Each structure stands twice: as structure tokens, then as C-alpha cells.
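So the chains spell out like this:
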Amino acid sequence: KAGVTQTPRYLIKTRGQQVTLSCSPISGHRSVSWYQQTPGQGLQFLFEYFSETQRNKGNFPGRFSGRQFSNSRSEMNVSTLELGDSALYLCASSEGQGWNNEQFFGPGTRLTVL
Amino acid sequence: SQQGEEDPQALSIQEGENATMNCSYKTSINNLQWYRQNSGRGLVHLILIRSNEREKHSGRLRVTLDTSKKSSSLLITASRAADTASYFCAIRKTTSGTYKYIFGTGTRLKVLA
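Residues numbered from 1 in each chain as written. Chains lettered and ligands numbered in written order. Predicted model: local features only at pLDDT ≥ 70, side-chain atom pairs only at ≥ 80, totals over all residues. Heavy atoms only, no water.

Novice: In this structure, what is going on with the nonpolar core? I would like to understand it.
Specialist: Buried together is how nonpolar side chains tend to be arranged in soluble globular proteins. Residue and element names in this part refer to chain B. Counting residues in hydrophobic clusters, the biggest one holds 23 residues, and the most contacted among them are Met-21, Leu-32, Trp-34, Leu-74, Ile-76, Tyr-87 and Leu-109. Sorting the residues of this core by element identifies strand 3 (19–24), strand 4 (31–38), strand 5 (42–50), strand 7 (61–66), strand 8 (71–76), strand 9 (85–95) and strand 11 (107–112) as the ones contributing at least two each. When residues in this core are grouped by element, the largest group, four residues, is from strand 9. Among residues more than four places away in sequence, those in contact with Met-21 are Asp-7, Trp-34, Ser-72, Ser-73, Leu-74, Ile-76, Tyr-87, Thr-107 and Leu-109. (Core = buried A, V, L, I, M, F, W, Y, C linked by side-chain atoms within 4.5 Å. Buried < 20%, exposed > 50% of the residue type's maximum accessible area, 1.4 Å probe, protein only. Helix = DSSP H or I, 4+ residues; strand = E, 2+ residues; numbered from the N terminus. Contact = heavy atoms within 4.5 Å.)

Novice: Just checking my understanding: could you explain the sheet that holds strand 3 (residues 19–24) of chain A for this structure?
Specialist: Working definition: the strands of a sheet are paired by backbone hydrogen bonds and lie parallel or antiparallel to each other. Residue and element names in this part refer to chain A. In space, the four strands of this open sheet follow the order 1-3-8-7, with antiparallel pairing throughout. Looking along the sheet, the strands with just one partner apiece sit at the ends: strand 1 (5–7) and strand 7 (64–68). Strand-to-strand, the axes of this sheet are offset by a mean angle of 20°, without reference to chain direction. (Pairing = 2+ DSSP bridges. Axes fitted to C-alpha atoms, helices over the stretch in contact; angles between N-to-C directions.)

Novice: Would you explain the state of the cysteines in this entry?
Specialist: Working definition of a disulfide: a covalent bond connecting the sulfur atoms of two cysteines. All names here are of chain A. Evaluated as defined, the whole model comprises two disulfides over all chains. Across the disulfide from Cys-23 sits Cys-91; the S-S distance is 1.6 Å. Taken together, the positions of Cys-23 in strand 3 and Cys-91 in strand 9 (residues 87–94) put the pair 68 residues apart, joining distant regions of the chain. The class of Cys-23 is buried, set by a relative accessible area of 0%. You can call Cys-91 buried: its relative accessible area is 0%. (Disulfide = S-S within 2.5 Å.)

Novice: Explanation requested: the side chain of Ser-73 of chain B in the structure shown.
Specialist: All names here are of chain B. Relative to the elements of secondary structure, Ser-73 occurs in strand 8. When its relative accessible area of 14% is taken as the criterion, Ser-73 is described as buried. Separated by 2.5 Å, the side chains of Ser-73 and Thr-64 make a polar contact. Contacts of Ser-73, omitting those with residues within four sequence positions, involve Thr-20, Met-21, Asn-22, Trp-34, Arg-62, Val-63 and Thr-64. (Polar contact = N/O pair within 3.5 Å; in protein donor to acceptor, adjacent residues only side chain to side chain.)

Novice: Just checking my understanding: could you explain the environment of Val-19 of chain A for this structure?
Specialist: Residue and element names in this part refer to chain A. Its place among the elements puts Val-19 in strand 3. Considered as a pair, Val-19 and Val-4 are 15 residues apart in the sequence and their alpha carbons are 20 Å apart. With near-sequence residues (within four places) excluded, Val-19 lies in contact with Leu-11, Lys-13, Met-76, Asn-77, Val-78, Leu-81 and Leu-111.

Novice: Looking at this structure, I do not really get the interface of chain B and chain A. What am I missing?
Specialist: As a measure of interface size, the accessible area lost when the parts come together is often cited. Each partner contributes to the interface: chain B provides 19 residues, whereas chain A provides 20 residues. In total, about 1,700 Å² of surface goes out of reach between chain B and chain A, with carbon and sulfur atoms giving 52% of it. The interface formed by chain B and chain A includes zero salt bridges. Elements supplying a minimum of two residues to the side of chain B that touches chain A: strand 4, strand 5, strand 9 and strand 10 (98–103) of chain B. Ranked by the residues each element gives to the side of chain B that touches chain A, the list is headed by strand 10 of chain B, at five residues. (Buried area = accessible area lost by both parts, 1.4 Å probe. Salt bridge = Lys/Arg side-chain N within 4 Å of Asp/Glu carboxyl O.)

Novice: Just to check I follow, could you spell out the sheet that holds strand 7 of chain B for this structure?
Specialist: Residues and elements named next belong to chain B. In space, the five strands of this open sheet follow the order 1-3-8-7-6, with antiparallel pairing throughout. Two strands in the sheet have a free side with no partner beyond their single neighbour: strand 1 (5–7) and strand 6 (55–58). In this sheet, neighbouring strand axes are inclined to one another by 20° on average, regardless of whether the strands run parallel or antiparallel. Pairing of strand 1 with strand 3, which is carried by three bridges, proceeds in the antiparallel orientation.

Novice: In this structure, what is going on with the pairing of strand 8 of chain B? I would like to understand it.
Specialist: Consecutive residues of a regular strand have side chains that alternate between opposite faces of the sheet. All names here are of chain B. Burial analysis of strand 8 places five of its six residues in the buried class, which makes it a mostly covered element. Of the strand pairs in this sheet, strand 3 and strand 8 are connected by six bridges, and their pairing is antiparallel. From the neighbouring strand, Cys-23 faces strand 8, where its bridge partner is Ser-72. Looking at chain direction, strand 7 and strand 8 are connected through six bridges and run antiparallel. By the bridge assignment for strand 8, Leu-65 is matched with Ser-72. With antiparallel pairing between neighbouring strands as the criterion, strand 7 and strand 8 make up a hairpin whose turn holds four residues, including Lys-70 at a positive phi of roughly 50°.

This is the structure we're talking about:
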């Protein structure tokens, strides 16, 4: 099976712009979670989607949003970009919802905000 | 302070030695997970240990969990240069009926050949 794929791998944006990141889970996986990783804050949970519904959400402002499609692919959107949004954004998929399932991570999208 | 805190922050050992990393947390859990991250393979799940388990093995990895002390340890035996990576513990925290997955700040392990 192919692993989790994320596109694009690298992205450069300027403050105030918006960005959409894409994640394709492993075939058959219905849960997709998103994380932000920065040197200062480490890995932080953004949200989790299962069967097209957001099930859990971390402590991020409303500028961060996401969605999941019927084929389990997920997109994450960040509006009105700030310098502090520069980070590695990781997506993870699992077969079922919740913490008891092993998560498989993609390679990440490196976002740089100038 | 952030839950899921690893100790030490950095560890440097010689190939063949054992490496032990510790993780402390503050909330009740139903399981705790360990992950490894390196530049080549990204973030990889290593072991999941449930709250009713005290020890779990996977190859050269051994994880222990002490729920009374709210701590876990990861032991890598006979380390190899390829084990050089950052290691994270992660827990799920329940807040107002929703879950947040919290990763620790990680232990950076360097194995010298």
C-alpha cells in the first residue's frame, strides 16, 4: 500500500495570504489528523477528521480550518497567514477513529511565511 | 508545562550501548505512544502501550509504563547509528468531551559509530 502523501512538500507564502494543504491517507484509512511542528512549540495537534466530520480539535485559532472528503482525502486551510504559521504541517491517517489506532504520518508540508 | 515531557532532552551514546528515555505526563490516560522522527523517514510510530500494561517489547525496543507515577520509559538496546533520531511520547488528553493528542518535546538521541 502507498503511504500517506502530502502536497505540496514545500510552500512559500507572504503574510496575509491563505494556503491550502492536501493529505491523501493510506487506502482504507478513514481518519485523518493534522499537526503543526515548530522548533519552539514542538508537535501540536490541530484537528482530527473521521468520515468527513471533524471529531476533535486542538487549541488553534479559527484561521486554521480543514475538511475531509468522501474518499477520506483531507485538506487544511490557513487564512490570513502570520509569520508564526511557518512550520512543518504533518498529516496522519489511521484505520479507525481515535487514539487506539496506530497513526501513519506523511512526510509533511514545509510552509514558510515571509 | 507541557504534558508528555521527555527526559533527557538530548542523549549521546556509543554504538552498542543502551539508550533510555523517560516521559512524564499529568493526565489520566488509556494509552501512551512512542514515536521516532528522523530526517530520512519522518515521524514513525514505534509502540503503543495501554494503561493496563506495564511493559511491552518490540524488537530492540522496550517500553514500560507506570500509571501511578504517570511516567513511561523507552529503552533501546544495542543501539545503532541508524537509531539516531528524536523520540517523542504522546498521550491523549480529554477536555470537555473532546480529545487532544499531545506530543512531548522529544529526546534527541545521537548514536556515535
